[in-house]
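Inside the fold
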Amino acid sequence: MKKRIIATMLAAVLTMGMLAGCGNFNGDAAGEGGQNQGAEGAAEIDFDEEPYEATVMYYAANDPRDLESVENAFNELTLKELNMKVHLMPITFGTYGQQIQLLLSGDEPLDIVPFGSGDFGNFIQAGYIEDLNQYLDAYGQDIKEIVGEEDIRCCELDGFLAAIPNMHERTNPLYVVMRTDLLEETGFTADDIKDFSDLTPVFAKVKENHPEMLIYGGAVNNMFPALLSNNMVDGLNVTTYGAFGVLEDGGQTTTVTNLYESEGFKEACYLVREWFQAGYISADIATSTDTGEAQMKAGNLFSFTANGKPDIKAEKDASTGYDTTCIKLTGDTCYTTTTNQLNYGISSNSQDPEKAMILLNWIYKTKEANDLLNWGVEGKDYEVQEDGTIDYPEGVTAENVGYHQGFGFAMPNQYNSYVWAGNDPAVFEQYQEVRDNAQVSKAYGFIFNTEPVINEWSALTTVGSQYLATVVSGTVDVDTALEELNQELYNAGLQKVMDEKQKQLDEWLAQQ
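Here's what I pulled together on the structure shown here. (Residues numbered from 1 in each chain as written. Predicted model: local features only at pLDDT ≥ 70, side-chain atom pairs only at ≥ 80, totals over all residues. Heavy atoms only, no water.)

1. Observations regarding the nonpolar core
Soluble globular proteins tend to pack their nonpolar side chains together in the buried interior. Counting residues in hydrophobic clusters, the biggest one holds 70 residues, and the most contacted among them are Phe-74, Phe-115, Ile-129, Ile-143, Ile-164, Met-357 and Leu-359. By residue number, the principal contributor to this core is helix H15 (residues 353-365), which donates 8 residues. Beyond its immediate stretch of four places on either side in the chain, Phe-115 contacts Tyr-59, Tyr-96, Phe-120, Phe-123, Ile-129, Ala-162, Ala-163, Gln-341, Leu-342, Asn-343 and Gly-345. Core analysis: the second largest hydrophobic core is formed by 61 residues, Phe-196, Tyr-260, Trp-275 and Leu-494 among them. (Core = buried A, V, L, I, M, F, W, Y, C linked by side-chain atoms within 4.5 Å. Buried < 20%, exposed > 50% of the residue type's maximum accessible area, 1.4 Å probe, protein only. Helix = DSSP H or I, 4+ residues; strand = E, 2+ residues; numbered from the N terminus. Contact = heavy atoms within 4.5 Å.)

2. Overview of the packing of helix H18 (residues 454-473) against helix H19 (residues 478-491)
It is at 10 Å that the axes of H18 and H19 come closest, and there the two elements cross at 175°. As the angle between them shows, H18 and H19 are arranged roughly antiparallel. Along the contact surface, H18 presents Leu-460, Val-463, Tyr-467, Leu-468 and Val-471, while H19 presents Ala-481, Leu-482, Glu-484, Leu-485, Glu-488 and Leu-489. Of the residues that constitute the contact of H18 with H19, the class distribution is 9 nonpolar, no polar and 2 charged. (Axes fitted to C-alpha atoms, helices over the stretch in contact; angles between N-to-C directions. Parallel < 35°, antiparallel > 145°, perpendicular 65-115°, else oblique. Nonpolar A, V, L, I, M, F, W, Y, C, P; charged D, E, K, R; others polar.)

3. Description of the side chain of Asn-361
Mapped onto the elements, Asn-361 comes out in helix H15. Contact partners of Asn-361, with chain neighbours within four places excluded, come to Tyr-139, Gly-140, Gln-141, Asp-142 and Ile-143.

4. Some remarks on a negative patch on the surface
Taken together, the side chains of Asp-477, Asp-479, Glu-483 and Glu-484 present a region of like negative charge at the surface. Mapped onto the elements of the fold, Asp-477 is located in the loop between H18 and H19. (Patch = residues over 30% accessible without salt bridge, like charges linked within 9 Å, V, L, I, M, F, W, Y side chains within 5 Å. Areas by Shrake-Rupley, 256 points an atom, 1.4 Å probe, with all protein chains shown as cover. Salt bridge = Lys/Arg side-chain N within 4 Å of Asp/Glu carboxyl O. Lys, Arg positive; Asp, Glu negative; His and termini not counted. Charge placed at Lys NZ, Arg CZ, Asp CG, Glu CD.)

5. As for unusual backbone geometry
Within the chain, Asn-83 stands out as a residue other than glycine whose phi angle is a positive 55°. Position of Asn-83 among the secondary structure elements: in the loop between helix H1 (67-81) and strand S2 (84-91). Within the chain, Asp-158 stands out as a residue other than glycine whose phi angle is a positive 50°. Looking at the element boundaries, Asp-158 is found in the loop between strand S4 (156-157) and strand S5 (160-161).

6. What about the environment of Ala-298?
Mapped onto the elements, Ala-298 comes out in the loop between helix H12 (292-297) and strand S12 (301-307). Ala-298 gets classed as exposed once you look at its relative accessible area, which sits at 53%.

7. Here's the deal with the sheet that holds S12
By way of backbone hydrogen bonds, the strands of a sheet pair with one another, either parallel or antiparallel. Ordered in space as S8-S12-S7-S13, the 4 strands form an open sheet in which the pairing is mixed. This sheet does not close on itself; its edge strands, each paired only once, are strand S8 (214-217) and strand S13 (324-328). Strand-to-strand, the axes of this sheet are offset by a mean angle of 20°, without reference to chain direction. Sheet analysis places strand S7 (residues 174-179) next to S12, joined by 5 bridges and oriented antiparallel. In the strand pairing of S12, Met-178 is matched with Ser-303. The sheet contacts of helix H13 (residues 312-320) involve S7, S12 and S13, and relative to S13 the element is tilted by about 140°. (Pairing = 2+ DSSP bridges.)

8. Concerning the pairing of strand S3 (residues 112-115)
Residues Ile-112 and Pro-114 of S3 are buried on one face, and the alternating residues Val-113 and Phe-115, pointing to the opposite face, are buried as well. Sheet analysis places S3 next to strand S15 (residues 343-346), joined by 4 bridges and oriented antiparallel. The residue bridging Val-113 from the neighbouring strand is Gly-345, located in S15.

9. Notes on the packing of aromatic side chains
The full count for this structure, using the stated rule, is 27 aromatic pairs. Ring geometry for Phe-203 and Phe-302: centres 6.2 Å apart, planes at 90°, overall edge-to-face. Pair noted here: Phe-203 is in helix H8 (residues 199-209) and Phe-302 is in strand S12, with a separation of 99 residues, a long-range link. One exposure class covers both Phe-203 and Phe-302, and it is buried. The interplanar angle of 65° and the centroid separation of 4.8 Å between the aromatic rings of Phe-407 and Phe-409 together place this pair among those described as edge-to-face. By the burial criterion, Phe-407 is buried, and Phe-409 matches it. Through successive ring pairs, a cluster of aromatic residues spans Phe-196, Phe-203, Tyr-216, Phe-224, Trp-275, Tyr-280 and Phe-302. If you follow Lys-367 out to its NZ or CZ, it ends over the ring of Tyr-418, 3.1 Å from the centre. (Phe/Tyr/Trp six-rings, centres within 6.5 Å; stacked < 30°, edge-to-face > 60°. Lys NZ or Arg CZ within 6 Å of the ring centre and 35° of its normal.)

This is how it looks when you write it as structure tokens:
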């Protein structure tokens with residue numbers, strides 16, 4: 001695809017909203033890899049021609065000390081199995097937004113590129129990426145089997161397949177995370193907490209026992225009314241600053257409505273307001289950016305809410321330093337906006353998109369490839385333990401290891417990789433089981449194209465950034481705040497946006 005000249009610069013910036021629910025999970029040895037040829041229908045590899053040189057950009061937690069040894073090991077595999085020489089380009093979230101625009105708009109060699117669903121429209125319009133529908137059937141048969149056709153289509157916008165979703169959790173239920181020692185003091189147990197309202201007497205008892213302690217906290221965008229918007233609805237483009245036009249009831253309806261007029265959202269705000277007035281929440285919560293994990297680790301917090309996965313307890317125990325009790329308070333539903341948070345596509349800078357697709361397919365299916373990208377070189381950066389998990393070799397630590405990402409949630413296929421010590425070796429079998437048994441939104445695979453209402457969408461985002469923090473934090477009167485918020489949203493064009501969403505959704509549903 002040729003790049004088109006566009007009048008304005010497109011900003012490719014990753015937001016925290018895009019990363020909601022993604023934590024520091026680890027990979028699992030969940031399959032075989034490394035075969036020279038993919039599924040039936042894949043092209044033969046011509047080993048008589050010069051090796052194709054490919055550049056693979058991938059999300060990384062850090063800039064490694066020793067990328068060279070990992071790249072050399074990676075190329076031992078790709079030269080033998082694909083006749084390709086691969087240049088690895090790890091990129092952190094902190095530098096991604098600064099570099100991706102220049103790389104994609106220029107002539108830098110780049111084959112595989114990561115990006116979020118928020119970039120689909122911009123990247124397609126600018127001609128930055130290839131339509132993978134051209135290559136998937138012929139060169140992506142393993143990807144189709146591993147990821148699944150239904151999940152792959154979560155990256156398709158108006159018939160253009162922008163990318164392949166990586167293998168991370170497919171549901172994002174809401175949990176309350178509590179210090180187990182303080183919960184036990186109250187006499188309540190996890191069995192007593194079935195709903196958010198069940199937390200009120202627990203909070204009261206903890207406050208009685210520890211009047212100096214913050215009872216419920218975290219950053220304002222993790223207050224449960226804010227997180228609930230991703231769980232009670234199909235967000236149809238949920239941003240950091242709001243969900244403008246949603247499907248309630250876990251996406252089991254197909255009628256687009258206003259979240260902020262829904263009874264569920266109002267009740268959540270009323271409950272948080274009650275907690276705030278009772279002194280369970282910090283007075284400055286509306287401007288708080290401190291995570292619940294950090295506040296609990298400092299010893300100042302009893303509980304917070306978070307999106308979670310089957311391994312949430314191990315994750316929160318590690319990040320807080322306390323034994324935690326994690327209780328799931330919303331159900332498992334597959335939403336488009338959860339599946340397509342992080343994805344891998346093919347840059348239009350690729351000199352041979354067919355070979356790039358062959359390489360992408362190989363990475364998804366090959367365990368050694370995912371282990372190298374995430375963990376480094378076996379025997380040097382990690383070693384396998386008796387239980388099948390991995391840990392640092394003797395004498396190697398986080399401070400001196402040559403290569404260690406621990407960033408499985410952002411890798412192409414963490415399910416096909418080792419699990420780090422301290423985690424359940426079968427964790428990704430549990431992930432898949434949740435996916436297989438989850439409720440699926442009726443709009444699963446639908447992506448709203450904001451282009452027809454881009455001005456209104458921008459105006460709504462501005463309103464959300466001005467009003468939502470106080471609404472969801474309990475710091476203001478709920479009825480007054482919601483009335484003002486909704487009036488400003490409609491003034492900014494909410495009805496026009498909802499009408500456009502309904503139109504696009506109806507058209508998409510008619511094609512299914």
